[in-house]
Amino acid sequence: MTDVTGAPADVLHTLFRSDQGGHEQVVLCQDRASGLKAVIAIHSTALGPALGGTRFYPYASEQEAVADALNLARGMSYKNAMAGLDHGGGKAVIIGDPEQIKSEELLLAYGRFVASLGGRYVTACDVGTYVADMDVVARECRWTTGRSPENGGAGDSSVLTAFGVFQGMRASAQHLWGDPTLRGRKVGVAGVGKVGHHLVDHLRADGAEVVITDVRADSVRRILDRHPSGVTAVADTEALIRTEGLDIYAPCALGGALNDDSVPVLTARIVCGAANNQLAHPGVEKDLADRGILYAPDYVVNAGGVIQVADELHGFDFDRCKAKASKIFDTTLAIFARAKQDGIPPAAAADRIAEQRMAEARRH
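Residues numbered from 1 in each chain as written. Predicted model: local features only at pLDDT ≥ 70, side-chain atom pairs only at ≥ 80, totals over all residues. Heavy atoms only, no water.

Take the sheet that holds strand S8 (residues 209-213) next. An order of S9-S8-S7-S10-S11-S12 is seen for the six strands of this open sheet, with the pairing classed as parallel. Every other strand in the sheet has two partners, leaving strand S9 (231-233) and strand S12 (294-295) as the edge strands with one partner each. Pairing analysis gives two bridges linking strand S10 (residues 248-251) to strand S11 (residues 270-271), with the strands arranged parallel. If you follow Ile-248 over to S11, its bridge partner there is Ile-270. (Pairing = 2+ DSSP bridges. Helix = DSSP H or I, 4+ residues; strand = E, 2+ residues; numbered from the N terminus.)

Formed by 39 residues in total, the largest nonpolar core has its most connected members in Met-169, Leu-182, Val-189, Leu-199, Val-200, Leu-203 and Ile-212. Elements that contribute at least two residues to this core include exactly helix H6 (158-177), strand S7 (186-190), helix H7 (196-205), S8, helix H8 (217-226), S10, helix H12 (304-312) and helix H14 (328-342). Residue contributions to this core peak at five residues, all from H6. Once residues lying within four places of it in the same chain are set aside, the contact partners of Leu-203 are Phe-166, Met-169, Leu-182, Val-187, Val-189, Ala-208 and Val-210. Core analysis: the next-biggest nonpolar cluster, separate from the first, contains 23 residues, Ile-42, Ala-50, Cys-125 and Val-137 among them. (Core = buried A, V, L, I, M, F, W, Y, C linked by side-chain atoms within 4.5 Å. Buried < 20%, exposed > 50% of the residue type's maximum accessible area, 1.4 Å probe, protein only. Contact = heavy atoms within 4.5 Å.)

Most peptide bonds adopt trans geometry, and most residues besides glycine take a negative phi value. You will see that Asn-277, though not glycine, has its phi angle at about 50 degrees, which is positive. Structurally, Asn-277 is set in the loop between S11 and helix H10 (284-290). A residue is classified by how much of its surface remains accessible, and Asn-277, at 28% relative accessible area, is partly exposed.

Another point: the packing of aromatic side chains. Evaluation of the coordinates by the stated rule reveals three aromatic pairs. Relative to Tyr-299, the ring of Tyr-78 has its centre 5.8 Å away and its plane inclined at 65 degrees; by these criteria the two rings are edge-to-face. A residue pair is termed long-range when its members are at least 10 positions apart, and Tyr-78 in helix H2 (residues 62-82) and Tyr-299 in helix H11 (residues 298-301) qualify at 221 residues. The class of Tyr-78 is buried, set by a relative accessible area of 6%. Centroid distance Phe-316 to Phe-318: 6.4 Å. Interplanar angle 75 degrees. Geometry classified as edge-to-face. Judged by its relative accessible area of 26%, Phe-316 is partly exposed. A cation over a ring is seen here: Lys-194 above Tyr-130, with NZ or CZ 4.5 Å from the ring centre. (Phe/Tyr/Trp six-rings, centres within 6.5 Å; stacked < 30°, edge-to-face > 60°. Lys NZ or Arg CZ within 6 Å of the ring centre and 35° of its normal.)

Right under this line is the structure:
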């Protein structure tokens, strides 16, 4: 069903009327010469210019792409608020297989669209886009972060993303077991690509036993070669979440990992990972709590990357960024304390804290 504009009615309902909506602006971008089809979603600029990455992905439909952009942009508002950044939330998606259609011409066209927003949206890397891509986008758009050091940027933001997730895990261990160390704990990491492989390094350095899986065999092989002991691999995520004796589950691939199928069979006591939008739908956070599984909200623990790219706008300093990212430990503990105080799941507690900061910003 479509509305009078021809757009899918459920997308417009999400945008204007649902609890998942409330976005300030959504831009549909097309450049036929390069094959670019993109969606830029700005959820909020209450705290400052919207900041969020560009995802390049072969969506099954344009409707799915718009829905993903809306969800991701909203998540960035909450992530940036909880990270203490003076930025609102935005996200962009480019529709298509990056290995098939990504080109300099397409990225330059995309950069012109971002530039046309006049700084309301600041872009960076996400799934399917890399530092080299942001260098190209930046040739047409000054509001581009995640660039290479050679081009005045901060480089790969996955380094601090993984560091932040590790701090969230340490806080979760402190809350549940009274000790922030992961030594002797068994941690399952689903997705060992850009962020996941750095996370494994942190976990092994801290003495954790790690179980990994990834849809790419070469990514698994790289980890096993790098860590000949203390790391094992399983066939898929289904096997990983059922692993006997698993203490922590870290979803580090695409979203929706926590759903009606996975939560009932999850063996881990803690979920803390880098993936965005891990909760497949509202209510999953309560299902986790009912099973006694401690959930570290994804947008809180994976904020290291956005802390890094935000800093790039002010002259990048890695040590300053790492110090900010290390505070994810304290922020995660504060969320668990608020959840206990209010008698709600941690995800709801994080939302309340983020919404409070955004509401206060709107009043001033």
